[in-house]
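Listed below, chain by chain, are the residues.
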Protein chains: 2
Amino acid sequence: MKVDELSSQKIFGGWHRRLHHRSETLACEMVFAVYLPPQFDCGEKLPVLYWLSGLTCTDENFMQKSGVQRLAAELGMIIVAPDTSPRGDDVPDDPEGGWDFGLGAGFYVDATQSPWSAHYRMHDYVVNELPDLIDARFPNSGRRGISGHSMGGHGALVCALRNPGRYQSVSAFAPICHPTHAPWGQKAFGHLLGADPRTWLDWDASVLIGLAQEHLPILIDQGEADQFLAAQLKPETLSMAAERANYPLTLRMQPGYDHSYYFIATFIDDHLQHHAAALKG
Amino acid sequence: MKVDELSSQKIFGGWHRRLHHRSETLACEMVFAVYLPPQFDCGEKLPVLYWLSGLTCTDENFMQKSGVQRLAAELGMIIVAPDTSPRGDDVPDDPEGGWDFGLGAGFYVDATQSPWSAHYRMHDYVVNELPDLIDARFPNSGRRGISGHSMGGHGALVCALRNPGRYQSVSAFAPICHPTHAPWGQKAFGHLLGADPRTWLDWDASVLIGLAQEHLPILIDQGEADQFLAAQLKPETLSMAAERANYPLTLRMQPGYDHSYYFIATFIDDHLQHHAAALKG
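Please read these numbers as outputs of a predicted model, since none were measured by experiment.

Definitions and limits used
Residues numbered from 1 in each chain as written. Chains lettered and ligands numbered in written order. Predicted model: local features only at pLDDT ≥ 70, side-chain atom pairs only at ≥ 80, totals over all residues. Heavy atoms only, no water. Least-squares fit on C-alpha atoms with pLDDT ≥ 70 in both. Contact = heavy atoms within 4.5 Å. Helix = DSSP H or I, 4+ residues; strand = E, 2+ residues; numbered from the N terminus. Buried < 20%, exposed > 50% of the residue type's maximum accessible area, 1.4 Å probe, protein only. Lys, Arg positive; Asp, Glu negative; His and termini not counted. Salt bridge = Lys/Arg side-chain N within 4 Å of Asp/Glu carboxyl O. Polar contact = N/O pair within 3.5 Å; in protein donor to acceptor, adjacent residues only side chain to side chain. Phe/Tyr/Trp six-rings, centres within 6.5 Å; stacked < 30°, edge-to-face > 60°. Lys NZ or Arg CZ within 6 Å of the ring centre and 35° of its normal. Pairing = 2+ DSSP bridges.

What follows is about the relation of the copies chain A and chain B. For the pair chain A and chain B, the superposition axis carries a translation of 0.0 Å, the fit reaches an RMSD of 0.0 Å, and the rotation angle comes to 180°. Here the transformation between the copies is reduced to the relation of a two-fold axis. In terms of proximity to the rotation axis, the leading residue of chain A is A:K65, whose C-alpha is 2.5 Å off the axis. Most of the interface of chain A is mirrored in chain B: 100% of its interface residues are interface residues there too.

Take a look at the structure:
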């Protein structure tokens, strides 16, 4: 497992590092970012929070714009931010040339359809290969949380719901809660998983939450002025499914907030506290 | 004084607004950003902190990457971030095509030389036209601070030192402290102010600090791992000049930090507290 360090920058007493490796799962070269709080250098075994970004993002957006490092440094949490899709010249992209599917928009599922299945296995990458690499290179407490935004919020919910025991905490910002009934999800799943919508259900948080055996409490923040709320995100569907299943979900509707990183920055501290309560306990 | 609002986004209970206007001083269309903390909507009269960004930046970088809004919302401070140069197709740019002079690099001086003097009057814009516009549109307490990064740190120091009484607080991150003896400053001043280096001295903080009649305490943070430290920034020159003049300057050298917004984000809270102590007292 060869990993190269691309850069290392000090922030809030810790280090923001960008690393590069060849992913076996995705069959391509990948870059990811990790924030190591100051306690890491003192040998403390810290929990790891995985952050999945939204459409068009890379490993950089969250690290540059969320302000997550301030409280992560105080609480002692490692933050890992992968890229949002496989990358490279031989990785197929949206045939329509859109920004909502393909490169920068891998939707955190494991594709079953050609030509996508050769590379688009972001779920397996995020849940297995990347944590193995992190655990080998950055000794930690073994406790894991996962969160994300929009497409990455969907990814975080699905990763937690499909893999009981793998994570000890989960949250999301403005997640795509019901992708099988939203244009973004339908387009991506149609390519990656094929034309039969029944095969999509395994990747829809509003379906999975009703089948969950483990009831990890979910915290979701959603801006009420989010331009994608009604057509793409549908938190009310997830909320109703959680209620039917008696699943502990806290959905906070935030008046005036939109879909941007300004919204994420405002509430990231609450999410870190939510994760820390479960991961550091 | 016609001003158009381009966008308004909620963050930390306040509003990040981008505004557009025709600047008489710069003879072009300009965009700037303002953060209005939640207390503004309640009618409180708040102080205003002006932020001057560095080379290649616009009004956006600081608002997206510094995390300034969190503590500004708590303290009740309005933040204003102008662009870094005049803009537009008829504004002349670096004849060498560089990123260190011209568009995105106006150096916050008032040019005396053709063709620059028609537009490159960023000092006058930042010190006079923009505050007049802010005061007219956003009623405030009338107390002003100024800060900035790199080229903008130079700008903040020079604005405060040249205009006693205009600001009640000043600070800088990794400022160009002695531009008349640094390649960036020499190139820009040579164009904007002409070939005679004697005319440059009025725009050099290390010179101005020895002549200052008002002794506004200056806080400077400087990363020790900053790639531009030795050749371009020269804080030791400013520090020695301040000592000779018995001028109150606190220069904090920060081990391991570079020139990036990760460095700014780490120490922005300290600077806000420095300004708040003077502006809210």
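Attention shifts here to the side chain of A:D110. Residue and element names in this part refer to chain A. As for its position among the elements, D110 is in the loop between β5 (78-81) and α4 (122-137). In this structure D110 is buried but unpaired, with R121 as the nearest side chain of opposite charge at 4.2 Å. Only 3.0 Å separates the side chain of D110 from the backbone nitrogen of D124, close enough to count as a polar contact. Excluding residues within four positions of it along the chain, D110 makes contact with Y120, R121, M122, H123, D124, L193 and W203.

All right, on to the packing of aromatic side chains then. Following the criterion strictly, the structure yields 28 aromatic pairs over all chains and no others. Here B:W184 and B:F228 contribute two aromatic rings whose centre-to-centre distance is 4.7 Å and whose plane-to-plane angle is 50°, an arrangement assigned as tilted. With B:W184 in helix α6 (residues 183-193) and B:F228 in the loop between β8 (218-223) and α8 (229-233), this residue pair connects regions lying 44 residues apart in the sequence. Feature note: the residues A:W51, A:F62, A:F173, A:Y257, A:F263 and A:F267 constitute an aromatic cluster, connected by ring pairs. One Lys or Arg, B:R162, reaches over the ring of B:W203 and ends 3.6 Å from the middle of that ring.

So, about the pairing of strand β2 (residues 14-23) of chain B. Residue and element names in this part refer to chain B. Of all 10 residues making up β2, eight are buried, and the element is well covered by its neighbours. Taking the residues between adjacent antiparallel strands as the criterion, strand β1 (residues 3-11) and β2 are bridged by two residues, where F12 takes a positive phi near 50°. In the sheet, β2 pairs with strand β3 (residues 28-36) via nine bridges, with the strands oriented antiparallel. Bridge assignment links H16 to a residue of β3, and that residue is Y35. Taking the residues between adjacent antiparallel strands as the criterion, β2 and β3 are bridged by four residues, where A27 takes a positive phi near 55°.

Here we take up the environment of B:Q273. All names here are of chain B. Mapped onto the elements, Q273 comes out in helix α10 (residues 261-279). Judged by relative accessible area, Q273 falls into the partly exposed class, the value being 41%. Measuring from C-alpha to C-alpha, the distance between Q273 and L75 comes to 8.4 Å, with 198 residues separating the pair along the chain. Each residue touching Q273, except ones within four places of it in the same chain, is listed here: L71 and L75.

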